[in-house]
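Here's the letter readout for the chains.
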Amino acid sequence: MAHDDKHRAAIHYIRAKVDQLLGLMGTLPLRPEELDDETLIELDPIGIIGESFGQVITHLNETNHDLQLARNEIRAILDTLQAAVLVTDREDSLADCNRSALDWFFAGANIDSLRGRPLGELCGCWADMAAARAGAERRPQEVTLGGRHLQLIASVINDERGTPVKTVYLFFDISRLKAAEQGLQLYAQVFSHTHEGILITDRQQRIVDANDAFCRITGYALEELIGKTPRLLNSGLHDAGFYAAMWDSLRSQGHWGGEVRDRTRDGEIIPLLENINVVRNAAGEVTHYISVITDITSLKESQARLDFLAHHDVLTELPNRLLFQDRLEQAIERARREGSRLGLLFIDLDRFKNINDSLGHHVGDLLLVAVSQRLRDLLRRADSVARLGGDEFVVLSENLGDPDDACLLAHKIVTAIRQPFRIQDQELHIGCSIGITLFPEDGPDAGVLLRNADTAMYRAKESGRDGFARFSRELSEDVSGKLALENALRVAVREQRFTLHYQPIVTLGQGRVVAAEALIRWPDGPGATPDRFIPLAEETRLILPLGEWILRQALEQYHAWRAAGLALDYMSVNISAVQLAQPNFTERLLVLLDEVGIAGHHLQIELTENILMGDMALSQRVLGGLRGHGVRVAIDDFGTGYSSLSYLKQLPIDNLKVDRSFVRDIPGDPNDSAIAAAIIGLARTLGLEAIAEGIETEEQERFLTEIGCDKVQGYRYARALPAEQFRAFAEGFRILADRAA
């Protein structure tokens, strides 16, 4: 019995050792040499085990070796894992870990220096790790440790009694996964919230997804699109060649972009800017197509509006000069092919400036709109009306049967514009002047016809306004002559080819030459008198350099006469409205007086009534400034302009010059005599001097003396003379006057 007990004890001992070997890797390698012979004999006195114990030891050594290899393999596997493995004992001390754990949590320290130490002491983030452990035993938990996004899986190891002895922590770095997830979320936000529509189809072009913008643009709900093809949106406006080119680009280049017109769910056709890209897998096979669309309806509308504004007047929405020119050229070509006639009417509104100046540009704009509408109502559908700018309009009438048809149309327009306009509860009255020209009679192309119509319009203006005139060859010759005169005038002003003559101003009471009026002459001009080239100089603003030259020449001549002993009271010079309107006119004139060395009271400027009344505020400011320096002011051609008495007391005026038209027929014409007497009486009453122009006879001189006229000038004494002749005349006239006295 004792033998059996020892045998069983040996077997139990060996089994325990084997169980210990197999169950606890940490106790290996086993040391079977500890079982010496005496112990074995004592355990197995009859040698039952002895015979096989050598085999057991051999087997244990082999098993020990295999287990060591397994441990090495497991260690190698754990160290190559892209995950951190931590093993703790029941006191939360570090039992083991792999290389990733050493790098992530322990700055690469050696495991032997860490094993057995409390994990809370070794790892600052252990509190967070422990807090997540309970949840990690049930399901993976996400934690942030050491700046890393980690997924934690925890597993508790129990002994045979179910008591926890060790805990294994497995950490996976999901930082890239989180970044990718955030990127996908961002892409999802872009997909959902972008204003561009995005459509995704599979390789068979079946719709698999679309964003909200695509649904909003097309009007389809997402469930209505899924499984369909983009042909659902086909408008029918693109031919097969369009789609063939699209697919050719997709196959050869992998993308296509262009403008398409698609049909929405409610049947509306909208313009879209579309870009399609091909998506391929790693093998280069097509998997999807992604289409991005932009609704360009508003852009198209803006482009259409800009195109309209480029060719139409903003205020009236009539065609502008550019569009009308194109229409006129096309109409000429049609008329030339068909052998038909067309008429061109150039319209300029009369008295429009007065409304702009008195009531403001806003009212003027409303009036232009009303005029444009009235013109539209008068014309046939085949006719065209355009606004060229300002208050100028032009009408094109095609297929005229008779030249007089254009005149009939012009008469209708004049009559219509003559009717009152109701603008902002005000009744406004204007008129218009119209120039008419015909194709092919009056010109071969658009440029010539427009010039001819403009020329005829000015003839209508000169004829009294509120009417029309037809172009003629005589008008063309006048225009050509005017152009030649303008060219010659520009050269003459640049090269100063003018001279001044001086007409004496004589006192009736004393019989003395007291002043001179400077009058311009153009010796080598093309037969042009001042009454022709001065208005042209004003129109072209050549009067500015020319007027300054006249002033300087006249003042220098006056200074030379005084230096030579000819003591005139003043020099009189005509000033145009263009000169007076210059902002620095007063300053320049005063500088000129100072440069020449003449006091202001030795200069008299002559202005017409129309100039003064054109801008009363300007006249008051300029003349007041000149009066402060002694410059004299005379009203030229008095009685032929506005003849308003109010400005006589508002402006600093010294002389009234009675126009020659009232002097010519006195004393024989009682009306002229009465007018001349009234003007001179008015001047005396207001304390002004009166100068009668154009006196030629002794009878005129006697009559003017009787009615109290102060001064005269005219052929009775002398024409306008060159400077030296004037000096000789003035000195001789004084001698005669002295002898007569």
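Just above sits the structure.
These remarks concern the structure in this document. All values derive from a computational prediction rather than experimental measurement.

Focus: the overall build of the chain
From N to C terminus, the chain includes 28 helices and 25 strands. Expressed as a percentage of its 741 residues, the buried residues of the chain come to 42%. For the chain, long-range pairs separated by at least 24 residues make up 58% of all intrachain contacts whose partners lie at least 6 apart in sequence. Counting only carbon and sulfur atoms, one obtains 51% of the accessible surface of the chain, whose full area is about 39200 Å².

Things to note about the packing of aromatic side chains
Summed over all chains, the structure comprises 16 aromatic pairs. Ring geometry for W104 versus F105: centroids 6.3 Å apart, planes at 90°, classification edge-to-face. On the basis of relative accessibility, which here comes to 18%, the residue W104 falls in the buried class. Exposure remark for F105: the relative accessible area of 11% places this residue in the buried category. Between W247 and Y289, the aromatic rings sit 5.5 Å apart at their centres with planes inclined by 85°, giving edge-to-face as the arrangement. One end of the pair, W247, is in helix α10 (residues 240-253); the other, Y289, is in strand β10 (residues 286-295), and 42 residues separate them in sequence. The class of W247 is partly exposed, set by a relative accessible area of 24%. Within the aromatic cluster, the residues linked to one another by ring pairs are W104, F105, F106, Y169 and F171. Positioned above the aromatic ring of F421, the side-chain terminus of R374 is 3.6 Å from the ring centre. Stacked on the ring of Y715, the Lys or Arg R719 has its end atom at 4.0 Å from the ring centre.

Examining the nonpolar core
By size, the foremost hydrophobic cluster in this structure holds 84 residues, and its most contacted members are F498, L546 and F726. Top contributing element to this core by residue count: helix α19 (residues 543-563), with 9 residues. Beyond its immediate sequence surroundings of up to four residues, L546 is in contact with V493, F498, I520, I534 and A537. In terms of nonpolar packing, the next biggest core, distinct from the first, is built from 31 residues, V363, L375, I417 and C432 among them.

Describing the side chain of D442
Along the chain, the position of D442 falls in the loop between β16 (431-439) and α16 (446-462). There is no salt bridge for the buried D442, and the closest opposite charge comes from R470, which lies 4.6 Å off by N-O distance. Polar contacts involving the side chain of D442 include one to the main-chain amide nitrogen of L438, which spans 2.8 Å. In this view, D442 contacts T437, V448, L449, N452, F471 and R473; residues no more than four positions away in its chain are not counted.

What about the sheet that holds strand β5 (residues 164-173)?
Within a beta sheet, neighbouring strands are joined by backbone hydrogen bonds and run either parallel or antiparallel to one another. Spatial ordering of the open sheet is given by β2-β1-β5-β4-β3, a layout of 5 strands whose pairing is antiparallel. Whereas interior strands pair on both sides, the edge strands pair on one side only; in this sheet they are β2 (94-97) and β3 (141-145). Across the sheet, the mean angle separating the axes of adjacent strands is 30° when strand polarity is ignored.

Comments concerning the packing of α19 against helix α21 (residues 585-596)
Where α19 meets α21, the axes come as close as 10 Å, and the angle between the chain directions of the two elements is 30°. Overall, the two elements α19 and α21 adopt an arrangement that is roughly parallel. In this structure, α19 meets α21 at a crossing whose hand is right-handed. On the side of α19, the interface is formed by E548, L551, R552, L555, E556 and H559, while α21 contributes R588, L589, L592, L593, E595 and V596. Residue composition of the contact of α19 with α21, by class: 6 nonpolar, 1 polar and 5 charged.

A look at unusual backbone geometry
Cis rather than trans, the peptide bond between F439 and P440 has omega equal to 10°. With respect to the helices and strands, P440 occurs in the loop between β16 and α16. Although it is not a glycine, Q205 sits at a positive phi angle of roughly 70°. With respect to the helices and strands, the residue Q205 is situated in the loop between β6 (197-202) and β7 (207-210). The backbone phi angle of R465 is positive, close to 65°, even though this residue is not glycine. Looking at the secondary structure, you find R465 in the loop between α16 and β17 (467-470).

Observations concerning the sheet that holds β6
Taken together, the 5 strands give an open sheet; going across it, the order is β7-β6-β10-β9-β8, and neighbouring strands pair in antiparallel fashion. The strands lining the two open edges of the sheet, one partner per strand, are β7 and β8 (255-263). Averaged over all neighbouring strand pairs, the angle between strand axes comes to 25°, with direction disregarded. Along the sheet face, α10 touches β8, β9 (269-280) and β10 and points at about 150° away from the line of β8.

About the thresholds
Residues numbered from 1 in each chain as written. Predicted model: local features only at pLDDT ≥ 70, side-chain atom pairs only at ≥ 80, totals over all residues. Heavy atoms only, no water. Helix = DSSP H or I, 4+ residues; strand = E, 2+ residues; numbered from the N terminus. Buried < 20%, exposed > 50% of the residue type's maximum accessible area, 1.4 Å probe, protein only. Contact = heavy atoms within 4.5 Å. Areas by Shrake-Rupley, 256 points an atom, 1.4 Å probe, with all protein chains shown as cover. Phe/Tyr/Trp six-rings, centres within 6.5 Å; stacked < 30°, edge-to-face > 60°. Lys NZ or Arg CZ within 6 Å of the ring centre and 35° of its normal. Core = buried A, V, L, I, M, F, W, Y, C linked by side-chain atoms within 4.5 Å. Lys, Arg positive; Asp, Glu negative; His and termini not counted. Salt bridge = Lys/Arg side-chain N within 4 Å of Asp/Glu carboxyl O. Polar contact = N/O pair within 3.5 Å; in protein donor to acceptor, adjacent residues only side chain to side chain. Pairing = 2+ DSSP bridges. Axes fitted to C-alpha atoms, helices over the stretch in contact; angles between N-to-C directions. Parallel < 35°, antiparallel > 145°, perpendicular 65-115°, else oblique. Left-handed = near helix turned anticlockwise from the far one by under 90°. Nonpolar A, V, L, I, M, F, W, Y, C, P; charged D, E, K, R; others polar.

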